[in-house]
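# Observations on the three-dimensional arrangement
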Amino acid sequence: MSGEVLRDAFSARLVAVADATEHMLDRLLSPHLLPGEKDRPSRLLEAIRYGSLGGGKRLRPFLLVETARMLGAEGEGVLRAACALEMIHCYSLVHDDLPAMDNDDLRRGRPTCHKAFDEACAILAGDALLTYAFDVIADTPTHPDPAVRADLTVMLARASGLGGMVGGQALDLEAESRKEPHSREFVMLMQSMKTGALLLNAVEAGARIGGADAKQREALSRYGAALGAAFQVADDILDAEGDTAALGKRAGKDADRNKATLVAVLGIDEARKRRDALAREAIEALAGFGDKAEILAEAARFTAMRKS
Ligand code: GRG
């Protein structure tokens, strides 16, 4: 496909997956009770829906769905796995915005969950999204093979928890209070955990569902890791030079707080070069998939060049 046709095809897929994700999340987060549930308290459910519906690029669901699709797997089960991952992402945003963490008022162009509701409600909304994600990923309709469901569940737990996103968030918070400059290695490790782990999980879960062989899995993991790193450098650059209205969250806060970012460590020009090199690395990792990987390759370009 030529550049422009490919960009259009990618945008159409991104919108289609975002719509499908929204519908599936809406269904999963209805007042309808599942076996074993006694009640879905209405204000909590409202806060959960506020924190997860009606916004976001849905990049993680997109990467999971498109990786699986490239390998020939499609359908409702794939979408459930994508929604489980998006629930973890949404919970992390709700908790990250809390006063004890990043203390933000604006997310996805709207008041943050604790501003629209209250702090206790936002904490519980995040908790419930986190636990519900594991309900969704582990439950039968997600995949007919229990071994695949068990793998997906463990992979999601590892990407989200102590040695993944939550651990990365802890490193990030510790770094804020440190006086000495952060090393490049520290920033890269922290970012690969805090934001990289979920993006990598999206690709690796898609590969597991799609039945990728060992060589394909290795290539897709290289793609996911490079894309995840490119995403975070792009985020650092957007924060340094972006505007709050386009981002839908406050820009310029990293420098205000001595945050451990690659812009702080490398300077903006080197950070841009690194972002572009990572996007190229992600695309090169897809070489073995030929034309079938064009949409994923475009996703790497989009991730690096995004404006919000
Ligand atoms: C609180 C446990 C816990 C973890 C928080 C991911 C994270 C860890 C915090 C988010 C803070 C942040 C703004 C990080 C920068 C990268 C990032 C995750 C941006 C938001 O992701 P997008 O751009 O958001 O995919 P949308 O709104 O499109 O879903």
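As a starting point, this report considers the structure included with it. All of these numbers come straight from a predicted model, not from anything done at the bench.

## Thoughts on the packing of helix α10 (residues 214–241) against helix α14 (residues 268–285)
Remark: α10 packs on α14, axes separated minimally by 8 Å, with the N-to-C direction vectors making an angle of 155°. Classified by the angle between their axes, α10 and α14 sit roughly antiparallel to one another. Between α10 and α14 lies a crossing of left-handed hand. Judged by residue contacts, A219, R222, Y223, A226, L227, A229, A230, V233, A234, I237, A240 and E241 of α10 engage I268, A271, R272, R275, L278, A279, E281, A282 and A285 from α14.

## Overview of the site of the ligand
Close to the ligand lie 21 residues; K57, R60, H89, D96 and R108 are nearest. Contact distances for the ligand include 2.6 Å between an oxygen atom and a side-chain N or O atom of K57. One nitrogen or oxygen atom from the side chain of H89 is found 2.8 Å from an oxygen atom belonging to the ligand. Notes on the ligand: free accessible area 690 Å², of which the protein chains cover 94%.

## Remarks on the nonpolar core
Nonpolar side chains in soluble globular proteins tend to end up buried together. F62, L63, L64, L220 and Y223 are the most contacted members of the largest nonpolar core, which has 74 residues in total. If one sorts the elements of this core by residue count, helix α4 (residues 76–96) sits on top with twelve residues. With near-sequence residues (within four places) excluded, L220 lies in contact with T67, M70, L71, V203, A207, L286, F289 and L296. Counting residues in each nonpolar core, the second largest holds 14 residues, with M193, A230, V233 and A260 among its members.

The rules behind these values
Residues numbered from 1 in each chain as written. Predicted model: local features only at pLDDT ≥ 70, side-chain atom pairs only at ≥ 80, totals over all residues. Heavy atoms only, no water. Axes fitted to C-alpha atoms, helices over the stretch in contact; angles between N-to-C directions. Helix = DSSP H or I, 4+ residues; strand = E, 2+ residues; numbered from the N terminus. Parallel < 35°, antiparallel > 145°, perpendicular 65-115°, else oblique. Left-handed = near helix turned anticlockwise from the far one by under 90°. Contact = heavy atoms within 4.5 Å. Near = heavy atom within 4 Å. Polar contact = N/O pair within 3.5 Å; in protein donor to acceptor, adjacent residues only side chain to side chain. Areas by Shrake-Rupley, 256 points an atom, 1.4 Å probe, with all protein chains shown as cover. Core = buried A, V, L, I, M, F, W, Y, C linked by side-chain atoms within 4.5 Å. Buried < 20%, exposed > 50% of the residue type's maximum accessible area, 1.4 Å probe, protein only.

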